[in-house]
Amino acid sequence: MPSSNASHSISSPQNPHFRRWIHLLDSRGIKKFHQFIVSGEKVVRETLDSLATFPLELVFPKSQPPSFSPPTHVKQYALGKSLFAQLDVFGTHFPLVVCQTPSLPLIDLRESPQGLEVLCPLSDPSNVGALIRSCLAFGIHKVILLQEASLPFHPKAVRASSGAILSQPLFQGPSLDGVIQQSDSKSLVTLDMEGQPLETFTWPKNLRLLIGQEGPGLPGPLPGRSLAISMGESANSLNAVVAASIALYGYRLQHPLSPKEGLDKKEPDKLRL
C-alpha cells in the first residue's frame, strides 16, 4: 500500500535519529537498539515487500528521493548528501531501510537434529553472511550461530548474505565448549584436514555440521566424525565458507531437495519476528 507519510528532513549530525543510525554500523549499536540497516536496491525492495521482516524507517538523500512508496507504517527521512554518505558505507546510492532485529530462538543441542543443521562460530561478519547465503541456497533447515559468531545483522553480513538473512531460519546456540558438552558422536560431523575423504562419506539424513573458525579452526577433541576435502598439494587450506559450501553440496548429492523444500527455501519464514 503506498505511503502517505511526508518525509522528515535531517541536516545535523547531532540529530538523535542520525546518531542512532550511525551506531547501527557496528554490532554493539545493533544489540543496543535492536535494529539493523539493509542496503542495496534489490535487498531493500525485497525487505519492504516481505512479510517476514519489520521495516521501520526509509532513509535517503534529499537530492534523490525514492521513486517508490514504502508501506504506510515506514517513516521516511531525507538526509543531506554528506550525512547519507556516512550511512551508505557500501556506496549504493540507494535508499536504506532500518529494520527491527528478529529474536533468534535458543536451541538445545542435546535434542536430535532435523535434516542438516549448520553450526557457525565464524567471527568475520562477511563470512557469516556468505555462509547463510550458501545455507539458504542448499535448503539447510537451521543455521545455529554459536556464541563466537559475528552478529548476522552487521552491515557486512547483511550485504554478503544478499538478503538471505531475511529468509534463512537462524537460531542461537551455545559456545564451542557447549557444542562439545551437548553433542554426541552420532549427531555431529566436522571439517578437518585429517578426516575421512568427503567423497567417501555416507551422509545421514539428520546431522549437524560444525564449521571451523577462521585461523584457529576447531578445538579438540570433538565428538563425532570429521571430513576432509581433497585438495592439491600446493594448497594448505580452504576458506571456511568455501569448505562449508562444498560439504553442503556433498550432502545434497545424497539427499536432494524435494520440490516442496525447493519452494519453501525461497519463501520468507513469516513467524520469525
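In what follows, the structure referred to is the one given above.
Residues numbered from 1 in each chain as written. Predicted model: local features only at pLDDT ≥ 70, side-chain atom pairs only at ≥ 80, totals over all residues. Heavy atoms only, no water.

Colleague: Can you help me understand the overall build of the protein chain in this one?
Modeller: When helices and strands are tallied, the protein chain shows 9 helices and 11 strands. Evaluated residue by residue, the protein chain yields a buried proportion of 49% over its 273 residues. Summed over all atoms, the accessible surface of the protein chain reaches about 13,500 Å², with 52% contributed by carbon and sulfur. (Helix = DSSP H or I, 4+ residues; strand = E, 2+ residues; numbered from the N terminus. Buried < 20%, exposed > 50% of the residue type's maximum accessible area, 1.4 Å probe, protein only. Areas by Shrake-Rupley, 256 points an atom, 1.4 Å probe, with all protein chains shown as cover.)

Colleague: Sorry if this is basic, but what is going on with unusual backbone geometry here?
Modeller: Backbone geometry follows two general trends: most residues other than glycine have a negative phi, and most peptide bonds adopt the trans configuration. The backbone of histidine 34 sits at a positive phi, close to 55°, despite the residue not being glycine. Within the secondary structure, histidine 34 is located in the loop between helix 2 (27-33) and strand 2 (35-38). Even without a glycine there, the phi angle at histidine 93 is positive, about 55°. Mapped onto the secondary structure, histidine 93 falls in the loop between helix 4 (81-87) and strand 5 (96-100).

Colleague: Honestly, the side chain of threonine 190 in this entry has me stumped. Any pointers?
Modeller: Relative to the helices and strands, threonine 190 is located in strand 9 (residues 188-197). Given the relative accessible area of 6%, threonine 190 is considered buried.

Colleague: Help me understand the sheet that holds strand 7 (residues 142-145), please; the structure alone is not making it clear to me.
Modeller: In sheet architecture, strand pairing relies on hydrogen bonds along the backbone and comes in two forms, parallel and antiparallel. Spatial ordering of the open sheet is given by 8-7-6-10-9-11, a layout of 6 strands whose pairing is parallel. At either end of the open sheet lies a strand with only one pairing partner, and these are strand 8 (170-172) and strand 11 (225-228). On average, adjacent strands in this sheet sit at an angle of 35° to one another, irrespective of strand direction. Of the pairings in the sheet, the one linking strand 9 to strand 10 (residues 207-210) comprises 3 bridges and is parallel in character. Looking at the pairing, valine 189 lines up with leucine 209 of strand 10. Across the sheet, helix 5 (residues 125-137) is in contact with strand 6 (116-120), strand 7 and strand 8; its angle to strand 6 comes to roughly 180°. (Pairing = 2+ DSSP bridges. Axes fitted to C-alpha atoms, helices over the stretch in contact; angles between N-to-C directions. Contact = heavy atoms within 4.5 Å.)

Colleague: Hey, could you run me through helix 1 (residues 16-23) in this one?
Modeller: An α-helix turns once per 3.6 residues; consequently, residues spaced three or four apart project the same way. Regarding helix 1, the residues found buried are Phe18, Arg20 and Trp21. Angular distribution of buried residues about the axis of helix 1 spans 160°; they occupy a single face of the element. Backbone nitrogen of histidine 17 and a side-chain oxygen of the N-cap are separated by 2.8 Å at the start of helix 1; the cap is asparagine 15. (Arc of directions from axis to C-beta. Polar contact = N/O pair within 3.5 Å; in protein donor to acceptor, adjacent residues only side chain to side chain.)

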